[in-house]
Amino acid sequence: MAAKKVLFINQEIIPYVPESELSLLGKNLPQAIQEKGYEIRTFMPKWGTINERKGQLHEVIRLSRMMLIIDETDHPLIIKVASIPQTRIQVYFIDNDDYFTKRQMETDENGEEYADNGERAVFFARGVLETVKKLRWAPDIIHCQGWMSAIIPLYVKTAYQEEPSFANTKVITSLFSKELKNELGEGFKKGIEYKDAKMKLLDKYNKKFDFIELGKLAIDYSDGIVEAGSEVNAELLKYATDQNLPLLKYPGAENFGDAYNQFYKQILGEEE
């Protein structure tokens, strides 16, 4: 039987960004799942704080230079790749001068959140999915880790639902303690529109579209939810529980590979 394929869409991965709950799991979970016999691919944003020379990143020309139109503006997509030292994990980086190269992560040098964080997340989501299409790689599971990947479930179940790469894909969203404080703004709502992903799909959420509403959006279009930390947002955790979605309770920071492996089997209908 062919190995199942898992696409990890991460907001942070150590050693490319500082150590955090997100970045540690961004590295350790794909490694643990790969060791369980899965075939994996891993993506993250190419934050401007990442040292390309130290991380040995290089551009993948055959995957780069596609233009993504967001709110009627063209944005060139740059794909870079590197391998995490002492592992067999290759990381694909989504890059763009306006959204990532010249920016820090979610906040600027003064600690202020970028006003266009929502649009940055849209570009990241579109960039990942378009690149996976080019790779002709069809994941059985897409696992989203961090708010930057929260639009992926919506796109997979609407705009990309008829693409061969995603037609049978299950989507899992992990909930973390790290949050955004500000609204995502009207630019986000306009920018999210692509094919069947219409702005009207956001009508059911609060007009003040913030981190909580973004989390609800991700949950609504996911097939399973993971409580990925010991202090995740209680409102989002309750919302996920109320949707009666499969939920993996916090498995702890060590020896978590078995718990995730079993959860993946549950989501795929392969429980032992």
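Structure first, text after, so check above.
Residues numbered from 1 in each chain as written. Predicted model: local features only at pLDDT ≥ 70, side-chain atom pairs only at ≥ 80, totals over all residues. Heavy atoms only, no water.

1. Some thoughts on the packing of helix α1 (residues 21-35) against helix α9 (residues 257-267)
Geometrically, a packed helix pair is captured by the angle between its two axes and the distance between the axes.
Piece 1. With their axes 9 Å apart at the nearest point, α1 and α9 run at an angle of 70 degrees to one another. If you check the angle between α1 and α9, you find them roughly perpendicular. Between α1 and α9 the crossing geometry is right-handed. Taking contact as the criterion, the partners of Leu 25, Leu 29, Ala 32 and Ile 33 in α1 are, on α9, Gly 257, Tyr 260, Asn 261 and Tyr 264.
Piece 2. Split into classes, the residues belonging to the contact of α1 with α9 amount to 6 nonpolar, 2 polar and no charged. (Axes fitted to C-alpha atoms, helices over the stretch in contact; angles between N-to-C directions. Helix = DSSP H or I, 4+ residues; strand = E, 2+ residues; numbered from the N terminus. Parallel < 35°, antiparallel > 145°, perpendicular 65-115°, else oblique. Left-handed = near helix turned anticlockwise from the far one by under 90°. Contact = heavy atoms within 4.5 Å. Nonpolar A, V, L, I, M, F, W, Y, C, P; charged D, E, K, R; others polar.)

2. A closer look at the side chain of Ser 64
Piece 1. Relative to the elements of secondary structure, Ser 64 occurs in the loop between β3 (58-59) and β4 (66-70).
Piece 2. Classification of Ser 64 as buried rests on a relative accessible area of 6%.
Piece 3. Among the polar contacts made by the side chain of Ser 64, one reaches the side chain of Glu 59 at a distance of 3.4 Å.
Piece 4. The residues contacting Ser 64, other than those within four sequence positions of it, are Glu 59, Leu 77, Ile 78, Ile 79 and Lys 134. (Buried < 20%, exposed > 50% of the residue type's maximum accessible area, 1.4 Å probe, protein only. Polar contact = N/O pair within 3.5 Å; in protein donor to acceptor, adjacent residues only side chain to side chain.)

3. With respect to the nonpolar core
Piece 1. Ranked by size, the top nonpolar core spans 95 residues in total, and within it Tyr 16, Ile 151, Tyr 155, Tyr 260 and Tyr 264 carry the most contacts.
Piece 2. At 9 residues, the largest contribution of residues to this core is made by helix α4 (residues 117-135).
Piece 3. Discounting chain neighbours no more than four positions away, the residues touching Tyr 16 are Met 44, Ile 50, Gly 55, Leu 57, Ala 82, Ser 83, Ile 84, Val 91 and Phe 93. (Core = buried A, V, L, I, M, F, W, Y, C linked by side-chain atoms within 4.5 Å.)

4. Thoughts on the environment of Trp 147
Piece 1. Of note, Trp 147 is situated in the loop between β7 (141-145) and α5 (152-157).
Piece 2. Of the residues examined, Trp 147 reaches a relative accessible area of 5% and is grouped as buried.
Piece 3. Considered as a pair, Trp 147 and Glu 254 are 107 residues apart in the sequence and their alpha carbons are 23 Å apart.
Piece 4. Those residues within four positions of Trp 147 in sequence are excluded, and the remaining contacts are Gln 11, Glu 106, Asn 117, Ala 121, Leu 180, Phe 211 and Leu 214.

The values are spatial; any link to function lies outside them.
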